[in-house]
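Residue strings, one per chain:
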Amino acid sequence: MPAPDRYLYRAASDVPYFSSDGGETYLARTPLRDIEKSRPLRVLSEDDFAFWQTYGYVIVKEAIPAAAAKRLLDFAWDFQGLDPERPETWYSEDRAFASELEQHLHVYGFVEAYHHQLLWDSRQTQRVYDAFADVWDCEELWVTLDRLNLNPPNVKDRDRAHIEPTDKGFDIELHWDVDTTLGVLPQRVQGIIALNDTQEDHGGFQCSPELFRRFEEWKVAQPADRDPIRPNTDRAEFPVVRPELKAGDLLIWNGLLAHGVARNTSDNGVRAVQYLSMMPALESDHEVRKSRVESWRSLSTPDWNKTLVGDARRHESLRYPTAELTDLGAKLLGLESWGTTGPATPTEEPACDASA
């Protein structure tokens, strides 16, 4: 549940991060690409951190064990009632969708489970947490309540042709996660853990790191009415690349990195990931904190993003018990406080447009 528009909530940290949308985007005095570390690096090397700030993404090898990634992959198949050995089960000729959004999510391969124990095991892995602490230069974090993706070949009812193309706005192939035309750019971080090894024809994450590196130079030559979330670039000058991931690797990217998901053109391969990110904890936003804890406790579908719909056929709350949390997991959820500064009072300031 987003905070009221009149409030900016400060993160539970001595680092000045503020948000008015429940933690999707943040205002900061210094953009993430320009911060100078005040805390020692935990997981990233100096070269890793420099690459992150220059190109907008970084790969953390073996963030979770490959065996843990395999268990999550098996769960993704099982949750949807699909047989990995029988491709004919991956598609349906007569499935009815409650909405256009639900159909699009099916085409893209989203798995509508958010709170299974295996998902929480990844979230409360120390190496995963340490990597996000490195990029935010902040220790008091919350983890996103997000889902899995299992994307088989994009044919039949998963063919992207079922989604009407648009000339402007969101494009699954390449987009920004924030409005890049704002005067003060909001800060956002996203991440995925690979559940299997990437293959060239399986599709998956792709991005334009050279555009991130030269963004300020590029934007001055663009028209005033350019699309704020879809880049119109020459791919010869700004190549789109697909980082190679092994099962268990974590990829973290800056919301100002143009990125997307390439279609799966293979005969029978799948692309599988867990979406997992962390952001500065907004412990003074009591409504958001309450919503997060209740979502975990009751296995209800999180409400922080309108594209989270839950499984309409048999919701996860009907299948599984509440996940067990470690001490770290309880803090990453918001069940326990980080206890650094104590609860804060909402700031009576108008929310800046950059935090939308």
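Up top you'll find the structure we're talking about.
Being a predicted model, the structure only gives us computed values, none of them experimental.

**Q** Which residues make up the sheet that holds strand β7 (residues 148-151), and what are the values?
**A** The strands making up a sheet associate through hydrogen bonds between their backbones, and the pairing can be parallel or antiparallel. Spatially, β4-β10-β8-β12-β7-β5 is the arrangement adopted by the 6 strands of the open sheet, whose pairing is antiparallel. At either end of the open sheet lies a strand with only one pairing partner, and these are β4 (57-60) and β5 (110-111). Relative to strand β10 (residues 250-254), strand β8 (residues 189-194) is paired through 5 bridges, and the arrangement is antiparallel. Bridging across to β10, Gly191 finds its partner in Ile252. Across the sheet, helix α2 (residues 66-80) is in contact with β5, β7, β8 and β12 (271-275); its angle to β7 comes to roughly 70 degrees.

**Q** Quick one: what's the story with helix α8 (residues 286-298), residue by residue and with numbers?
**A** The end-to-end C-alpha separation of α8 is 18 Å, in line with the 18 Å expected for 13 residues at 1.5 Å each. Along α8, the residues that are buried comprise Val288, Arg289, Ser291, Arg292, Val293, Ser295 and Trp296. Along its buried surface, α8 packs onto α4 (117-123), β6 (141-143), β13 (278-280) and α9 (327-333). Looking one or two residues past α8, Leu299 carries a phi angle of roughly 55 degrees, positive in sign.

**Q** Go over the packing of aromatic side chains, please, and point to the residues and values.
**A** Under the definition given, this model contains 15 aromatic pairs. Relative to Tyr26, the ring of Tyr17 has its centre 6.3 Å away and its plane inclined at 80 degrees; by these criteria the two rings are edge-to-face. Here the two residues Tyr17 and Tyr26 agree in accessibility, since each one is buried. Consider the rings of Phe75 and Phe79, whose centres lie 5.7 Å apart with planes at 45 degrees: the pair is tilted. Taken as a pair, Phe75 and Phe79 lie in helix α2 at a separation of 4 residues, close to a single helical turn. Of the residues examined, Phe75 reaches a relative accessible area of 6% and is grouped as buried. Three or more aromatic residues link up through ring pairs in this structure, and these residues are Tyr17, Tyr26 and Trp136. Directly above the aromatic system of Trp120 lies the positively charged group of Arg123, at a separation of 4.9 Å from the ring centroid. Between the NZ or CZ atom of Arg147 and the centre of the ring of Phe110, over which it lies, the distance is 4.3 Å.

Here is what the cut-offs are and how they apply
- Residues numbered from 1 in each chain as written.
- Predicted model: local features only at pLDDT ≥ 70, side-chain atom pairs only at ≥ 80, totals over all residues.
- Heavy atoms only, no water.
- Pairing = 2+ DSSP bridges.
- Helix = DSSP H or I, 4+ residues; strand = E, 2+ residues; numbered from the N terminus.
- Contact = heavy atoms within 4.5 Å.
- Axes fitted to C-alpha atoms, helices over the stretch in contact; angles between N-to-C directions.
- Expected span 1.5 Å × (residues − 1).
- Buried < 20%, exposed > 50% of the residue type's maximum accessible area, 1.4 Å probe, protein only.
- Phe/Tyr/Trp six-rings, centres within 6.5 Å; stacked < 30°, edge-to-face > 60°.
- Lys NZ or Arg CZ within 6 Å of the ring centre and 35° of its normal.

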